[in-house]
Every structure is written in C-alpha cells, then in structure tokens.
Amino acid sequence: MSNTKNTSETQNSQESPKGAESDTAEDRPSPMQVLRHARTQLAELTGMSAESVSSFEQTEDGWSLEVEVLELVRVPDTMSLMASYQVDLDPQGELTGYRRVRRYERGRADSHRAGGR
C-alpha cells in the first residue's frame with residue numbers, strides 16, 4: 001500500500017506545476033474587480049467619490065482607466081464641478097498612479113464640434 005501511496009503522491013507532485021499555472025491565471029482579478037478596486041483606491045487617496053468609469057483598457061503594464069469624479073458640489077447640481085482622472089494600475093489592480101486630465105461643470109457637454117465653427 002505504501003507503494004500505491006507513493007505513486008499517487010508522485011502523480012500529484014507532477015501535476016502541481018500545471019495546477020500552479022492555472023492558479024496564477026485564476027488569481028488575476030477580473031475586469032469588474034479591477035474597476036471596483038480602482039474606484040475605491042482613488043476615493044481613498046483623493047477623498048472624492050468616483051462617479052463612473054468612462055474609459056477602461058488593459059495595457060502592457062496593467063490597466064489604464066479614466067474615472068469621472070465629483071470634485072465640488074454646487075446648487076443646482078448641473079453646476080457641480082467634475083473631473084476626469086487618468087488612473088494607472090498594475091496587473092493585479094493596485095493603483096500605481098493617477099492625474100487629473102480635465103475639469104468641467106457637470107451640465108456642460110464636451111466642446112467637440114463638427115464643421116469649422
């Protein structure tokens with residue numbers, strides 16, 4: 001019986017490298033986990049609530065997001081100041097850097113116009 005036990009242990013040890021590779025892939029966060037964690041980390045660092053994610057992509061170095069943040073509450077709400085933040089994360093979803101790329105009033109649309117006006 002000890003011989004059978006050793007054989008099964010040997011088989012398990014031979015299979016573990018394959019299992020380790022699949023565990024590594026399973027350990028990577030899903031895109032939704034990355035989004036949620038990024039919003040939480042940015043809010044903790046800036047003290048401002050992240051309202052939405054307007055851009056999200058996987059990069060060679062991890063993840064890149066553009067997050068819309070409420071910076072200053074005003075009345076009426078359409079006059080509140082919003083900001084877009086570029087947020088960079090490592091492959092595990094940990095924030096590695098952020099910067100504000102745009103600030104605007106909530107009620108204003110982007111000023112991209114078609115034509116020459």
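None of the values given here were measured: they were computed from a predicted structure.

Observations concerning the overall build of the protein chain
Reasoning step 1: Looking only at helices and strands, one finds two helices and four strands in the protein chain.
Reasoning step 2: Going through the 117 residues of the protein chain one by one, you find that 26% of them count as buried.
Reasoning step 3: Contacts in the protein chain between residues at least 24 apart in sequence constitute 38% of all its contacts with a sequence separation of at least 6.
Reasoning step 4: Just so you have it, the protein chain exposes about 8500 Å², and 47% of that area is on carbon and sulfur atoms.

Notes on the environment of Val-87
Reasoning step 1: The residue Val-87 is located in strand β3 (residues 81-89) in this model.
Reasoning step 2: Val-87 sits 32 residues away from Ser-55 along the chain, and the two C-alpha atoms are 9.9 Å apart.
Reasoning step 3: Among residues more than four places away in sequence, those in contact with Val-87 are Leu-42, Trp-63, Ser-64, Leu-65, Val-67, Leu-95, Gly-97 and Tyr-98.

Quick word on the nonpolar core
Reasoning step 1: Ranked by internal contacts, the top residues of the largest apolar core, which has 15 residues, are Leu-42, Leu-65, Val-67, Val-69, Tyr-85, Val-87 and Leu-89.
Reasoning step 2: Where this core is concerned, the elements lending two or more residues are α2 (31-46), β2 (62-72) and β3.

Re the pattern of salt bridges
Reasoning step 1: Enumeration over the complete set of coordinates arrives at five salt bridges.
Reasoning step 2: With a shortest N-O distance of 2.7 Å, Arg-103 and Glu-71 are connected by a salt bridge. Here Glu-71 lies in strand β2 and Arg-103 lies in strand β4 (residues 95-105), a separation of 32 residues in the sequence.
Reasoning step 3: The closest approach of N and O atoms between Arg-108 and Glu-105, which form a salt bridge, is 2.8 Å.
Reasoning step 4: Relative accessible area serves as the criterion here: at 17%, Glu-105 is assigned to the buried category.
Reasoning step 5: Several salt bridges converge on common partners, so that one network encompasses Glu-51, Asp-77 and Arg-106.

Brief notes about the side chain of Gln-86
Reasoning step 1: Counting through the fold element by element, Gln-86 comes out in strand β3.
Reasoning step 2: For Gln-86, the residues in contact, after removing those within four places along its chain, are Ser-64, Leu-65, Glu-66, Gly-97, Tyr-98, Arg-99 and Val-101.

Topic: the packing of aromatic side chains
Reasoning step 1: Under the definition given, this model contains two aromatic pairs.
Reasoning step 2: Geometrically, the ring pair formed by Phe-56 and Trp-63 is stacked, given 5.1 Å between the ring centres and 15° between the ring planes.
Reasoning step 3: Here Trp-63 falls in the buried class, since its relative accessible area comes to 7%.
Reasoning step 4: On the basis of an interplanar angle of 50° and a centroid distance of 5.9 Å, the ring pair of Tyr-85 and Tyr-98 is categorised as tilted. On the criterion of sequence distance, the pair formed by Tyr-85 in strand β3 and Tyr-98 in strand β4 is long-range, its members being 13 residues apart.
Reasoning step 5: We classify Tyr-85 as buried; its relative accessible area is 7%.
Reasoning step 6: Accessibility expressed as a relative area gives 37% for Tyr-98, which makes it partly exposed.
Reasoning step 7: The lysine or arginine in question, Arg-102, covers the ring of Tyr-104, its NZ or CZ lying 4.0 Å from the ring centre.

Cut-offs used in this document
- Position numbers for residues count from 1 along each chain, tracking the sequence in the order it is written.
- Local features in this predicted model are restricted to residues whose pLDDT is 70 or higher, and side-chain atom pairs enter the listing and the counts only when it is 80 or higher, whereas totals over whole chains, interfaces and linings include all residues.
- In computing side-chain values, all of the structure's heavy atoms are included and hydrogens and water are not.
- Here a helix means four or more residues in a row that DSSP labels H or I, a strand means two or more in a row labelled E, and each is numbered from the N terminus.
- With a 1.4 Å probe rolled over the protein chains alone, any residue whose accessible area is under 20% of its type maximum counts as buried; one over 50% counts as exposed, and the rest are partly exposed.
- The criterion used for residue contact is that any of the two residues' heavy atoms lie within 4.5 Å.
- Here, Shrake-Rupley sampling with a 1.4 Å probe gives the accessible areas, and only protein chains in the shown set may cover a residue.
- Definition used in this section: a nonpolar core is a set of buried Ala, Val, Leu, Ile, Met, Phe, Trp, Tyr and Cys residues joined via side-chain atoms within 4.5 Å.
- In what follows, salt bridge is the name for a side-chain nitrogen of Lys or Arg lying within 4 Å of a carboxyl oxygen of Asp or Glu.
- Each pair of aromatic rings taken from Phe, Tyr and Trp, with Trp reduced to its six-membered ring, is defined by centres within 6.5 Å and is described as stacked if the planes are under 30 degrees apart, edge-to-face if over 60, and tilted in the remaining cases.
- We call a charge positioned over a ring when the NZ of a Lys or the CZ of an Arg lies within 6 Å of the ring centre and within 35 degrees of the ring normal.

As far as function goes, none of this settles anything; it's purely spatial.
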